[in-house]
Amino acid sequence: MLRSPLSPVYWKSHQCHGVILGGKVNLSNLKELYKGFLWGCGFAVATSAIYFVSVSRLLATAENEYRNSIREMTSTEFNTAAKIILPEIVNHTISDNTVTLGIKYANLMDAGFIGQSFGLHISLFSNNGKLLGTCDQPLKSVHSTSETIHTQIECRSVFGVASEFDHAIADVVVLPLTD
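Notes on the structure in this doc start here. (Residues numbered from 1 in each chain as written. Predicted model: local features only at pLDDT ≥ 70, side-chain atom pairs only at ≥ 80, totals over all residues. Heavy atoms only, no water.)

### Observations regarding the overall build of the protein
When you go through the protein residue by residue, the secondary structure sums to three helices and six strands. Ordering the α and β elements of the protein from the N terminus gives α-α-β-β-α-β-β-β-β. Total accessible area on the protein stands at roughly 13,400 Å², and carbon and sulfur atoms take up 60% of it. (Helix = DSSP H or I, 4+ residues; strand = E, 2+ residues; numbered from the N terminus. Areas by Shrake-Rupley, 256 points an atom, 1.4 Å probe, with all protein chains shown as cover.)

### Notes on helix α2 (residues 27–85)
Look at α2: 86 Å from first C-alpha to last across 59 residues, which is about the 87 Å you get at 1.5 Å a residue. The set of residues buried in α2 consists of F78, A81, A82 and I85. In the segment just after α2, L86 is the residue with positive phi, at about 45°. (Expected span 1.5 Å × (residues − 1). Buried < 20%, exposed > 50% of the residue type's maximum accessible area, 1.4 Å probe, protein only.)

### Some words on the environment of S69
For S69, the position within the fold is in helix α2. Here the side chain of S69 touches Y66 through a polar contact of 2.8 Å, landing on its backbone oxygen. (Polar contact = N/O pair within 3.5 Å; in protein donor to acceptor, adjacent residues only side chain to side chain.)

### What about the sheet that holds strand β4 (residues 131–138)?
Strands sit in the order β4-β3-β6 across an open sheet of three strands; the sheet is antiparallel. Since the sheet does not close on itself, it has two edges, and those belong to β4 and β6 (165–174), each with one partner. Going across the sheet, the axis of each strand differs from the next one's by a mean of 20°, ignoring polarity. The pairing of strand β3 (residues 118–126) with β6 spans nine bridges and is antiparallel. Across the sheet, the residue bridging to I122 is A170, located in β6. Sitting on the sheet, α2 is in contact with β3 and β6, with an inclination near 55° to β3. (Pairing = 2+ DSSP bridges. Axes fitted to C-alpha atoms, helices over the stretch in contact; angles between N-to-C directions. Contact = heavy atoms within 4.5 Å.)

### Side note on the nonpolar core
Grouped burial of nonpolar side chains is what soluble globular proteins tend to show. By size, the foremost hydrophobic cluster in this structure holds 23 residues, and its most contacted members are L101, F118, L120, I122 and L124. At the level of elements, α2, β2 (98–106), β3, β4, β5 (148–156) and β6 are the ones that each hand at least two residues to this core. Those residues within four positions of I122 in sequence are excluded, and the remaining contacts are L101, I103, G133, T134, C135, I153, C155, A168, I169 and A170. (Core = buried A, V, L, I, M, F, W, Y, C linked by side-chain atoms within 4.5 Å.)

Here is the structure:
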């Protein structure tokens, strides 16, 4: 006898494993499907997290190496420029407890950043080598055709009397960056 696909006997005899037939659902198979979905999501999240951490560490290492190379290159350029400036003390006068120094240095102001990046650090010494004081002054930004710049700096004697002044040492220092 031929059964119609709409008859309940036909549906009952033709149910397959876990397939919805005639309104009946096999719950054990749905649970397995749900577990598989959760395992797949967990795997995707774990894989993404590992990938994110690995890429982040790689990028951080590359950025750190880039910053170090830029810092080294900048330091080399600043040291070269500081050697070219070469300050020289050409004269001095003493009044009260102040030593006024006449200083000349190479005019590199056409480079633009030199005047804002470097300063003069002066150390005053007595005839027996005792430190009398220090003072700092930014390099003057003078745009001229002259190859040298002449300036004067007044330094106070802090650790002794200015009349004990014998010699001074002028150094070029890199000024800290200001925002």
